[in-house]
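The lines below spell out each chain.
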Amino acid sequence: MTKSVLITGGCYGTGYAIAARFAQEGYHIFVSGRDKEKADAAAAALAKKYGVYAKGYQTASFEQNEAEEIFADIKNHGYSIDCLVLNAANLGIGQDSLTVDIGDFMGVYKINVAWNFMMAREAAKQMKNAGGGSIVFITWYNVIDSSNGRYMIPFSFLSTFSSAVDCGLVYWYYINK
């Protein structure tokens, strides 16, 4: 039986390279990204090059129903996720940690923590029914850049917090499988 993988942030860069490697191994590919056209184009390119089923999804709202709809659609097409690669992130580029508006800061949190939780939870439901699977978190670390008096988000607290949550989710899903 051919396995399936969903890669968030899989339309270009590292996420696309991860998707291509899985496609090379024969996995059916599902990629998500903020831009529907880019997600569809990435899926089409992977399907053409590797001869696998591939589909793109737009992730625009980062709300619970969006995660649920993605996994329901995958199931409705006759697939189940064997591996979830959480690669999407909001790096908070351009946000100064000393002056950032809390709403902008929560945007970083929403994608890096809450969205990963929702996607991991939906994947874990499918994996539990299938008897197992893998959830991979591609975490990020960044240095506080104090050059020119600017401190950039993600700064060390958020990076550490996100990584701790990611590790906690992996452990929780592992012991509750």
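The following paragraphs examine the structure supplied in this document. (Residues numbered from 1 in each chain as written. Predicted model: local features only at pLDDT ≥ 70, side-chain atom pairs only at ≥ 80, totals over all residues. Heavy atoms only, no water.)

### Overview of the overall build of the chain
A count of helices and strands for the chain gives 5 helices and 5 strands. Listed by position from the N terminus, the elements making up the chain come as β-α-β-α-β-α-β-α-β-α. Out of the 177 residues belonging to the chain, those deemed buried represent 42%. As displayed, the chain offers around 9400 Å² of accessible surface, 55% of which is attributable to carbon and sulfur atoms. (Helix = DSSP H or I, 4+ residues; strand = E, 2+ residues; numbered from the N terminus. Buried < 20%, exposed > 50% of the residue type's maximum accessible area, 1.4 Å probe, protein only. Areas by Shrake-Rupley, 256 points an atom, 1.4 Å probe, with all protein chains shown as cover.)

### Section: the environment of histidine 28
Take histidine 28: it is sitting in strand β2 (residues 28–33). Exposure remark for histidine 28: the relative accessible area of 16% places this residue in the buried category. C-alpha of histidine 28 to C-alpha of leucine 6: the two residues are 22 residues apart in sequence and 8.7 Å apart in space.

### Things to note about the nonpolar core
Counting residues in each nonpolar core, the largest one holds 20 residues, and the members touching the most others are Leu6, Phe71, Ile74, Ile81, Leu84 and Met119. For this core, the secondary structure elements donating two or more residues are α3 (64–76), β4 (83–86) and α4 (102–130). Ranked by residue count, the leading element in this core is α4, at 7 residues. With residues up to four places along the chain from it excluded, the contact list for isoleucine 74 reads Leu6, Phe30, Tyr57, Tyr79, Ser80 and Ile81. Listed in part, the 18 residues of the second largest apolar core include Val5, Ala20, Ala23 and Val31. (Core = buried A, V, L, I, M, F, W, Y, C linked by side-chain atoms within 4.5 Å. Contact = heavy atoms within 4.5 Å.)

### What about α4?
The terminal C-alpha atoms of α4, which comprises 29 residues, lie 40 Å apart, in line with the 42 Å expected from a rise of 1.5 Å per residue. The principal kink in α4, of about 40 degrees, is found at lysine 110. Among the residues of α4, the N-terminal cap falls to aspartate 101, whose side-chain oxygen and the backbone nitrogen of glycine 103 are separated by 2.8 Å. Once α4 ends, the next one or two residues include glycine 131, with phi positive near 90 degrees. (Expected span 1.5 Å × (residues − 1). Bend = angle between axes of the 7 residues up to and from the residue. Polar contact = N/O pair within 3.5 Å; in protein donor to acceptor, adjacent residues only side chain to side chain.)

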